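# Overview (structure and organization)
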Amino acid sequence: MIRPITAQDRALYLSLMDEFYHSPAVLHPVRADYYERAVDEMLARDTYLLGYLLEADGKTAGYAMLARAYSTECGGPVLWIEELYVREAFRSMGLGHEFFDFLEKTFSKEVCRFRLEVEPENTGAQSLYRRLGFEVLPYTQMVREFPR
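As the structure is a prediction and not an experimental result, all values here were calculated from the model. (Residues numbered from 1 in each chain as written. Predicted model: local features only at pLDDT ≥ 70, side-chain atom pairs only at ≥ 80, totals over all residues. Heavy atoms only, no water.)

## Observations regarding the overall build of the protein chain
Check the secondary structure of the protein chain and you find four helices and five strands. Tracing the protein chain from N to C terminus, the helices and strands come up as β-α-α-β-β-β-α-β-α. Taking 15 Å as the expected radius of gyration for a compact globule of 148 residues, we find that the protein chain reaches 15 Å, a close match to that expectation. In terms of overall dimensions, the protein chain has C-alpha extents of about 40 × 40 × 30 Å along its principal axes. Per-residue burial for the protein chain yields a buried fraction of 39% across its 148 residues. Contacts spanning at least 24 positions in sequence make up 58% of the contacts within the protein chain whose residues lie at least 6 apart. Accessible surface, the protein chain as shown: approximately 9,500 Å² in total, 52% of it carbon and sulfur. Each charge sign in the protein chain was given a centre, from 17 positive and 23 negative side chains, and these centres are 2 Å apart. (Helix = DSSP H or I, 4+ residues; strand = E, 2+ residues; numbered from the N terminus. Rg over C-alpha atoms; globule rule 2.2 N^0.38 Å. Buried < 20%, exposed > 50% of the residue type's maximum accessible area, 1.4 Å probe, protein only. Contact = heavy atoms within 4.5 Å. Areas by Shrake-Rupley, 256 points an atom, 1.4 Å probe, with all protein chains shown as cover. Lys, Arg positive; Asp, Glu negative; His and termini not counted. Charge placed at Lys NZ, Arg CZ, Asp CG, Glu CD.)

## What to know about the environment of K59
Within the element layout of this structure, K59 appears in strand β3 (residues 59-71). Between the C-alpha atom of K59 and that of D33, which follows or precedes it by 26 residues, the distance is 26 Å. Excluding residues within four positions of it along the chain, K59 makes contact with L54 and F90.

## Focus on the nonpolar core
Here is a general trend for soluble globular proteins: nonpolar side chains tend to be buried in one another's company. If you look at the biggest cluster of nonpolar residues, it comprises 25 residues, and the most contacted ones within it are L66, I81, F99, F100 and L103. Looking at this core element by element, the count peaks at six residues for helix α3 (residues 95-107). Formed by 20 residues, the second largest nonpolar core is a distinct cluster that contains Y21, Y35, M42 and A67. (Core = buried A, V, L, I, M, F, W, Y, C linked by side-chain atoms within 4.5 Å.)

## Points about the sheet that holds strand β4 (residues 76-86)
Overall, mixed pairing links the five strands, which are arranged β1-β2-β3-β4-β5 in an open sheet. Looking at which strands have only one partner, the edges of the open sheet turn out to be β1 (2-4) and β5 (113-116). Averaged over all neighbouring strand pairs, the angle between strand axes comes to 30 degrees, with direction disregarded. Examined bridge by bridge, β3 and β4 share 10 bridges and lie antiparallel to one another. Note that in β4 the partner of Y63 across the bridge is Y85. Running over the sheet, helix α2 (residues 32-44) touches β2 (49-56) and β3 and is turned about 95 degrees from β2. (Pairing = 2+ DSSP bridges. Axes fitted to C-alpha atoms, helices over the stretch in contact; angles between N-to-C directions.)

## With respect to α3
Taking 1.5 Å as the rise per residue, α3 with 13 residues should run 18 Å; its terminal C-alpha atoms sit 18 Å apart, in good agreement. What α3 keeps buried is the set L95, G96, F99, F100, F102, L103 and F107. The buried residues of α3 occupy an angular sector of 150 degrees when projected down its axis, which confines them to one face. Residues of α3 that are buried in the fold lie against β1, β2, β3, β4, β5 and α4 (123-131). (Expected span 1.5 Å × (residues − 1). Arc of directions from axis to C-beta.)

Pasting the structure below:
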């Protein structure tokens, strides 16, 4: 089951984010106050961020964070799969497929693209994304940070 987070899920969602940001799926850990800001933004409004819990057999299996954007390149709104985390005990159970089916049913009429990033070493996730129709964009990501 996939459901939006609620205020009652705040502590659980933050603990899942902490698991994710201390896993091999990310380049480096992120400060806890950064995830607190993200969760607070999701709970306050859905302008930029959307949060979901993934559940299986009545247990919390993971979470997803989505970010809204606009792309001239594809001619409309884009939905970034900012974070998708499935706990190890729940992997290879079809939750990834279930989540992307949910995304397609829920958002494909309002956006022109789903976009995500994946670590080069995360070959399992890359394989899933390719099977789901995702393609590699030949861009080099660059950032300039303004830490707060």
